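# Reading the structure
Residue-level listing of the chains:
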Amino acid sequence: MDLATGIGLLGGIGVVFTLIMIDGGNFAAYFDKHAVIVIFGGAVAATMIRFPFSTMLHGLPMGLRYAFTMRSVKPHDLIEEITKIADVVRKSGPIALENMEISDPFLAQGARYIADGYDRDFIRDTMERDRDNFLMHLDEGSKIYRAFGDCAPAWGMIGTILGMVTMFANMSDPSKLGPAMATALLATLYGALIANMVTLPIADKLHVKLEEEDVSRSLIIDGILLIRDQKSPSLVREMLIAYLPAHHREDLAAEAA
């Protein structure tokens with residue numbers, strides 16, 4: 001589980017709850033059904049106009065899943081594991097990979113292709129297609145959450161305007177001014193909270209995940225192809241080190257020495 005996402009959301013909710021408690025703890029005053037309908041109904045409707053329904057059904061749950069549970073694989077660790085795979089193939093042949101435990105599923109898929117004797121073009125094309133499809137789905141999830149985050153504050157303003165229209169239309173009846181003012185203010189509050197505490201942070205987290213996965217999966221593909229070409233473990237390691245930042249390369253070189 002990605003602790004940063006969970007801790008951040010809990011921290012944001014905690015801040016809001018603490019402020020309400022400081023102001024007297026009247027949580028009922030911060031709920032208005034009209035504001036809820038305006039924000040969630042309006043933002044969902046606007047987001048559905050932007051994307052096909054099938055994309056939303058796929059992107060929303062995938063976005064939540066990978067924002068909270070996606071594992072983070074360090075390129076340094078991948079290089080070490082790929083080097084071990086290259087060493088096994090050099091000493092025992094590709095068939096030995098069938099009994100080797102590999103932690104990363106995408107890397108395990110490439111090792112299975114090598115063990116089964118698939119040609120280089122098949123391995124490259126298949127793994128690149130898998131990588132691109134996975135990154136495309138992550139990008140869809142990021143765009144959907146960002147679109148929702150863009151719509152929520154705007155619909156908050158729409159709710160505010162509707163509440164003020166109702167309020168000014170009933171200036172002669174003071175009993176109706178309070179509910180109308182609550183709708184006006186709470187719609188803006190809901191829109192700002194949903195956008196800045198949930199949807200936009202999740203969209204940014206998915207974009208970071210996408211960049212990490214792009215590097216990791218490209219590194220894996222290159223490593224698998226080098227092993228398929230029967231390159232030595234030391235050559236595989238040296239060529240994959242190019243994926244690392246300069247200071248990480250120095251650390252890896254020091255470990256090898």
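Small disclaimer: the values here were computed from a predicted structure and weren't measured.

Cut-offs used in this document
- Residues numbered from 1 in each chain as written.
- Predicted model: local features only at pLDDT ≥ 70, side-chain atom pairs only at ≥ 80, totals over all residues.
- Heavy atoms only, no water.
- Patch = residues over 30% accessible without salt bridge, like charges linked within 9 Å, V, L, I, M, F, W, Y side chains within 5 Å.
- Areas by Shrake-Rupley, 256 points an atom, 1.4 Å probe, with all protein chains shown as cover.
- Salt bridge = Lys/Arg side-chain N within 4 Å of Asp/Glu carboxyl O.
- Helix = DSSP H or I, 4+ residues; strand = E, 2+ residues; numbered from the N terminus.
- Phe/Tyr/Trp six-rings, centres within 6.5 Å; stacked < 30°, edge-to-face > 60°.
- Buried < 20%, exposed > 50% of the residue type's maximum accessible area, 1.4 Å probe, protein only.
- Lys NZ or Arg CZ within 6 Å of the ring centre and 35° of its normal.
- UniProt positions renumbered as here; feature names shortened; annotations may be inferred.
- Axes fitted to C-alpha atoms, helices over the stretch in contact; angles between N-to-C directions.
- Parallel < 35°, antiparallel > 145°, perpendicular 65-115°, else oblique.
- Left-handed = near helix turned anticlockwise from the far one by under 90°.
- Contact = heavy atoms within 4.5 Å.
- Nonpolar A, V, L, I, M, F, W, Y, C, P; charged D, E, K, R; others polar.

This paragraph deals with a nonpolar patch on the surface. A cluster of nonpolar side chains, namely Ile 13, Phe 17, Met 21 and Phe 27, defines an oily patch on the protein surface of about 370 Å² accessible area. When you line up the elements, Ile 13 lands in helix α1 (residues 3–22).

Tallied over the full model, the rule gives four aromatic pairs. Consider the rings of Tyr 113 and Phe 122, whose centres lie 5.5 Å apart with planes at 75 degrees: the pair is edge-to-face. Accessibility expressed as a relative area gives 32% for Phe 122, which makes it partly exposed. Of note, Arg 217 hangs over the ring of Phe 106, and the distance from its end group to the ring centre comes to 4.8 Å. A cation over a ring is seen here: Arg 217 above Phe 134, with NZ or CZ 3.9 Å from the ring centre.

Taking the UniProt record as the reference, the feature "domain: MotA/TolQ/ExbB proton channel" (unreviewed entry) is found at residues 101–213. The span residues 101–213 is 88% helical and 0% strand by assignment, and the distance between its end C-alpha atoms comes to 21 Å.

What follows concerns the packing of helix α4 (residues 75–92) against helix α7 (residues 177–228). With their axes 10 Å apart at the nearest point, α4 and α7 run at an angle of 15 degrees to one another. Our classification of the angle between α4 and α7 gives roughly parallel. Remark: the crossing between α4 and α7 carries right-handed chirality. Residues Pro 75, Leu 78, Ile 79, Ile 82, Ile 85, Ala 86 and Val 89 of α4 form the contact with α7, whose own contacting residues are Val 215, Ser 216, Leu 219, Ile 220, Gly 223 and Ile 227. The residue inventory of the contact of α4 with α7, partitioned by class, reads 11 nonpolar, two polar and no charged.

With that settled, the discussion passes to the UniProt feature "transmembrane region" (unreviewed entry) in the chain. According to UniProt, the positions carrying the feature "transmembrane region" (unreviewed entry) are residues 7–29, 35–53, 152–171 and 177–200. This span, residues 152–171, is 90% helix and 0% strand, and a straight line between its end C-alpha atoms measures 28 Å.

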